[in-house]
Amino acid sequence: MQADGKAVDGGLLPDANGKDPNPGGQTEGSKWQKPRLTRKSLMKCCLVKWIIASTTQQGEDDSCDGDLELSMVRYQPEGLDQLQAQTQFTRKELQSLYRGFKNECPSGLVDEETFKTIYSQFFPQGDATTYAHFLFNAFDMDRNGSIRFEDFVIGLSVLLRGSVTEKLRWAFNLYDINKDGYVTKEEMMAIMTSIYDMMGRYTLPSVRDDSPYEHVERFFQKMDRNRDGVVTIDEFIETCQKDENIMASMQLFENVI
């Protein structure tokens, strides 16, 4: 992240085969303009860009031994071997992610205010506070008010490298705000409204005030198959996998993570 708060375009990590997922990508000129949030402009994961930008700032001189780095902070994550087994990241990728994570969060933990700051920098044209709150709670699996590096990187692995079903399960967990195993229309409305608020007035196409409501009504009509007023995880996954329009919306949702 640059000192003036503008996001540095660090791009995505290579995939598991070492290939660049955005080959030939170009960054915009030095003059910053109000973002127009088309689907193309949302194709990079904000959290990975934050991490990579932090790693780049720190420089290559710190890239010696990963195990040594893991012992230099007050909170030590699990061993790299175990994390590698739990995720789709290589050992080198985990070391790179951890350097950036540690650079921004020396304690080894991310609190909610830091998380909100990250998103406010990537979406200055809107209000990212509420969406960041919901997303933070999805990463904070043990509900202790902070995100460990393990929680962070395991979640990123699902979002970037997981199967369709794994990604949908993660999305369901986000929508299930009170974590009772069901998604209500009110919960889905809260998430959708927070995304629209974050994207702001400069979204293309332009957003109408009733867009979140219409979005939720359309989704819920398709997902709530037994008409009991709630959506279960089975209903959510089955509907998303069968409906191309909903899957397209889910993929766009991934791009604001």
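Residues numbered from 1 in each chain as written. Predicted model: local features only at pLDDT ≥ 70, side-chain atom pairs only at ≥ 80, totals over all residues. Heavy atoms only, no water.

Quick word on the side chain of Ser 157
Part 1 of the argument: Along the chain, Ser 157 turns up in helix H7 (residues 149-161).
Part 2 of the argument: On the accessibility criterion, Ser 157 (5% relative accessible area) is buried. (Helix = DSSP H or I, 4+ residues; strand = E, 2+ residues; numbered from the N terminus. Buried < 20%, exposed > 50% of the residue type's maximum accessible area, 1.4 Å probe, protein only.)

Focus on the packing of aromatic side chains
Part 1 of the argument: All told, the structure shown has 12 aromatic pairs when counted by the stated rule.
Part 2 of the argument: An angle of 65 degrees between the planes, with centres 5.3 Å apart, marks the rings of Phe 101 and Phe 149 as edge-to-face. Of this pair, Phe 101 sits in helix H4 (residues 91-104) while Phe 149 sits in helix H7, and the two are 48 residues apart along the sequence. Like Phe 101, the residue Phe 149 is buried in the burial classification.
Part 3 of the argument: Taken together, the ring pairs connect Tyr 98, Phe 101, Phe 115, Tyr 119, Phe 123, Tyr 131, Phe 136, Phe 139, Phe 149, Phe 152 and Trp 170 into an aromatic cluster. (Phe/Tyr/Trp six-rings, centres within 6.5 Å; stacked < 30°, edge-to-face > 60°.)

Looking at the nonpolar core
Part 1 of the argument: Judged by nonpolar contacts, the single largest core of 58 residues is most densely connected at Leu 47, Phe 115, Tyr 119, Leu 135, Trp 170, Met 188 and Phe 236.
Part 2 of the argument: The element contributing the most residues to this core is helix H6 (residues 129-139), with 7 residues.
Part 3 of the argument: Counting residues domain by domain, this core receives three or more from each of domain 1 (91-161) and domain 2 (164-256).
Part 4 of the argument: Those residues within four positions of Leu 135 in sequence are excluded, and the remaining contacts are Phe 115, Tyr 119, Trp 170, Leu 174 and Ile 257. (Core = buried A, V, L, I, M, F, W, Y, C linked by side-chain atoms within 4.5 Å. Domains from an automatic or database assignment. Contact = heavy atoms within 4.5 Å.)

Quick word on the UniProt feature "domain: EF-hand" (unreviewed entry) in the protein chain
Part 1 of the argument: Annotation from UniProt places "domain: EF-hand" (unreviewed entry) at residues 127-162, 163-198 and 211-246.
Part 2 of the argument: Its end C-alpha atoms 27 Å apart, residues 163-198 is made of 72% helix and 6% strand.
Part 3 of the argument: Taken end to end, residues 211-246 has its terminal C-alpha atoms 15 Å apart, with 72% of it in helix and 6% in strand. (UniProt positions renumbered as here; feature names shortened; annotations may be inferred.)

Quick word on the environment of Arg 161
Part 1 of the argument: Locating Arg 161 in the fold gives a position in helix H7.
Part 2 of the argument: Arg 161 sits 74 residues away from Thr 87 along the chain, and the two C-alpha atoms are 8.5 Å apart.
Part 3 of the argument: A polar contact is formed between the side chain of Arg 161 and the backbone oxygen of Gln 88, at a distance of 3.0 Å.
Part 4 of the argument: Here Glu 93 takes part through its side chain, which lies 3.1 Å from a polar atom of the side chain of Arg 161. (Polar contact = N/O pair within 3.5 Å; in protein donor to acceptor, adjacent residues only side chain to side chain.)

Focus on helix H5 (residues 112-122)
Part 1 of the argument: Among all positions of H5, only Glu 112, Phe 115, Ile 118, Tyr 119 and Phe 122 are buried. Projected down its long axis, H5 carries its buried residues within an arc of 120 degrees, all on one side. (Arc of directions from axis to C-beta.)

So, the environment of Met 223
Part 1 of the argument: By the element assignment, Met 223 lies in helix H10 (residues 211-223).
Part 2 of the argument: For Met 223, a relative accessible area of 0% gives the class buried.
Part 3 of the argument: Along the sequence, Met 223 and Ile 246 sit 23 residues apart, while their C-alpha atoms lie 9.8 Å from each other.
Part 4 of the argument: In this structure, Met 223 is in contact with Met 188, Val 231, Glu 235, Phe 236, Thr 239, Cys 240 and Ile 246, ignoring residues within four places of it in sequence.

Examining unusual backbone geometry
Part 1 of the argument: In this structure, Lys 179 is a non-glycine residue whose phi angle is positive, near 55 degrees.
Part 2 of the argument: The topology assignment puts Lys 179 in the loop between helix H8 (164-175) and strand E3 (183-184).
Part 3 of the argument: Of note, the phi angle at Arg 227 is positive, near 55 degrees, even though the residue is not glycine.
Part 4 of the argument: Position of Arg 227 among the secondary structure elements: in the loop between H10 and strand E4 (230-231).

Description of helix H9 (residues 185-199)
Part 1 of the argument: The end-to-end C-alpha distance of H9, which contains 15 residues, comes to 21 Å, matching closely the 21 Å that a straight helix rising 1.5 Å per residue would cover.
Part 2 of the argument: Buried within H9 we find Glu 187, Met 188, Ile 191, Met 192, Ser 194, Ile 195, Met 198 and Met 199. Projected down its long axis, H9 shows its buried positions confined to an angular sector of 155 degrees, all on one face.
Part 3 of the argument: Directly after H9, the chain includes Gly 200, whose backbone phi takes a positive value near 80 degrees. (Expected span 1.5 Å × (residues − 1).)

Considerations on the pattern of salt bridges
Part 1 of the argument: If you walk through the whole model with that rule in mind, you get 10 salt bridges.
Part 2 of the argument: Put simply, Glu 113 and Lys 116 hold a salt bridge, and the shortest N to O gap is 3.9 Å. Linking Glu 113 with Lys 116, this pair stays in helix H5, spanning 3 residues, or about one helical turn.
Part 3 of the argument: Judged by its relative accessible area of 54%, Glu 113 falls in the exposed class.
Part 4 of the argument: Here Glu 238 and Arg 225 are joined by a salt bridge, their closest N and O atoms 3.6 Å apart. Taken as a pair, Glu 238 in helix H11 (residues 233-242) and Arg 225 in the loop between H10 and E4 lie far apart in primary sequence, 13 residues in all.
Part 5 of the argument: For Glu 238, a relative accessible area of 33% puts it in the partly exposed group.
Part 6 of the argument: Among the charged side chains, a salt-bridge network with shared partners connects Glu 112, Glu 113 and Lys 116. (Salt bridge = Lys/Arg side-chain N within 4 Å of Asp/Glu carboxyl O.)

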